[in-house]
Amino acid sequence: MALNRENILIVDDDVHILELIQRHLKALNYHTYKAISVKEAITILQDKAIDLLITDLRMPGVDGLELVKYVSEHFPHIPKLVVTGYPSIDGALDALKSGAMEYMTKPFTKEELKKAVLNALKDKPKKKQVVSNVAKDNKAYGELIGKSKALKKVTDVIERVKNNKATVFITGESGTGKELVARSIHYMGKYATAPFVAVNCGAIPENLLESELFGYAKGAFTGADTQRDGFFQAAHRGTIFLDEIGNASLATQLRLLRVLQEKEITRVGSQKVEYVDVRVIAATNVNLKDLIAKGRFREDLFYRLTVVELEVPPLRARLEDVAVLAQTFLFKYGVEFKDRLIPITEDALAALERYTWPGNIRELENVIQRAVIMCHKQITIADLPEHLKYTIDFPEDNQELLPLKTVERNYILKVLEFTKNNKTQAAKILQIDRKTLSEKIK
Ligand SMILES: Nc1ncnc2c1ncn2[C@@H]1O[C@H](COP(=O)(O)OP(=O)(O)OP(=O)(O)O)[C@@H](O)[C@H]1O
Ligand SMILES: [Mg+2]
């Protein structure tokens, strides 16, 4: 029989299942790696060229869904097959949404496993090796990409907090990577095998708030047939990430303040006090001091949260990272949509490096994704959105701001330079008629 050279990584906390799957796959001539935890799996993923991930969903500590998300983000070329002993509809939906391709419930037969594996491997892109090398070369720190001094400052702080449980407060504009930084603090540190639980503070309905955060006891209300954990119990020994903390209602803020002060929680419908051991990371893209002044954020909570402050700089303050970030996204979306790494012309890259990126890295990712889909062989200026094609340099913060007339004059000169003095083309770009342009030139 021909040897299937695909490397399959199997992740399950149950060694019997691990061995069972391994036996079946070996019989089918696949090469296998085993991991009994998400942490172990991540180490193998970073080290070996894996072609397929097979993972259990419910595992103690970090669960399989987190791993599926991690792989979708960082190894988008690896197909995923999720195996679980709890066939819940919700679980299946979550797994699919986070990028799992195949889903299988325990117990399964050898034939079912074979079919699912073949299915998952069917659309595997061929250029995976190129891709993973590109990704590896650009890594600055864990999954954070970039080589700028500004990013180095961020990773220095991560280094100092990752192994202790100090509360960290992350600020930065939208799309700068606050969540990725929070995940890095957790996954790079010694508590990485414990759970990372992300909570969007603005999204919890007021009436469910207490039970979502702290869980409920059996019989707490009609329909509470069993006791259920909240976010805090789920994050025990690990990290809870309170995202968009500025959107938390005043009631939520009060409850959070109590947990931070006492480290104790009580479930809805119970008197029993439970001790939780969690590291809190909070993030916001709004200025909390403004909210405090308006009476919409508690000052005491603010001081509890801001033990260590970490500001993620906007992309325009680290434009030297644009090229490596672009390359990474070119790889990711090239593999996803075109089955290969898509090159970018020097002009197009220069345009990306001149732009001010109000939407930061998320915007850059969207621009590249769209360009990869729209382009032919490579990405050229023509594949970029209009507002990105002709950018002007903005003055540095401490530099004098210019009157509109001067900016207009400079911009017209720049466009003329771009069109090599072709006035008709320049007028087209500026969306004014040629006559108006001639007058302005005079
Ligand atoms: N340094 C980086 N390297 C690679 N990818 C990054 C980096 N920073 C951010 N990203 C990617 O950019 C996107 C936005 O990042 P993230 O969600 O962490 O931003 P955010 O600051 O939480 O944004 P928001 O305030 O809108 O919630 C994500 O897809 C993330 O993976
Ligand atoms: Mg975010």
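None of these values were measured; they are calculated from a predicted model.

Peer 1: What's the story with the site of ligand 1 in this structure? I'm lost.
Peer 2: Taken together, the neighbourhood of ligand 1 is formed by 17 residues, with Ile145, Ser174, Gly175, Lys178 and Arg362 sitting nearest. Here an oxygen atom of ligand 1 sits 2.6 Å away from a polar atom, N or O, in the side chain of Lys178. Here Leu180 contributes a backbone N or O atom positioned 3.1 Å from an oxygen atom of ligand 1. Elements that contribute at least two residues to the shell around ligand 1 include exactly strand E7 (144-145), helix H8 (178-188) and helix H16 (360-374). Class assignment of the residues belonging to the shell around ligand 1 gives a composition of five nonpolar, five polar and seven charged. Of the residues that make up the shell around ligand 1, three or more belong to each of domain 2 (162-311) and domain 3 (319-389).

Peer 1: Please explain the side chain of Lys389 as it appears in this structure.
Peer 2: Position of Lys389 among the secondary structure elements: in helix H17 (residues 386-389). Owing to a relative accessible area of 10%, Lys389 belongs among the buried residues under this scheme. Those residues in contact with Lys389, other than ones at most four positions away along the chain, are Arg354, Ile381, Ala382 and Leu384.

Peer 1: Please explain a nonpolar patch on the surface as it appears in this structure.
Peer 2: Where nonpolar side chains cluster on the molecular surface, the patch consists of Phe337, Ile373 and Met374 and spans about 290 Å² of accessible area. Within the fold, Ile373 resides in helix H16. According to the relative accessible area criterion, Ile373 is partly exposed, its value standing at 42%.

Conventions adopted
- Residues numbered from 1 in each chain as written.
- Chains lettered and ligands numbered in written order.
- Predicted model: local features only at pLDDT ≥ 70, side-chain atom pairs only at ≥ 80, totals over all residues.
- Heavy atoms only, no water.
- Near = heavy atom within 4 Å.
- Polar contact = N/O pair within 3.5 Å; in protein donor to acceptor, adjacent residues only side chain to side chain.
- Helix = DSSP H or I, 4+ residues; strand = E, 2+ residues; numbered from the N terminus.
- Nonpolar A, V, L, I, M, F, W, Y, C, P; charged D, E, K, R; others polar.
- Domains from an automatic or database assignment.
- Buried < 20%, exposed > 50% of the residue type's maximum accessible area, 1.4 Å probe, protein only.
- Contact = heavy atoms within 4.5 Å.
- Patch = residues over 30% accessible without salt bridge, like charges linked within 9 Å, V, L, I, M, F, W, Y side chains within 5 Å.
- Areas by Shrake-Rupley, 256 points an atom, 1.4 Å probe, with all protein chains shown as cover.
- Salt bridge = Lys/Arg side-chain N within 4 Å of Asp/Glu carboxyl O.

Purely geometric numbers; function is a separate question.
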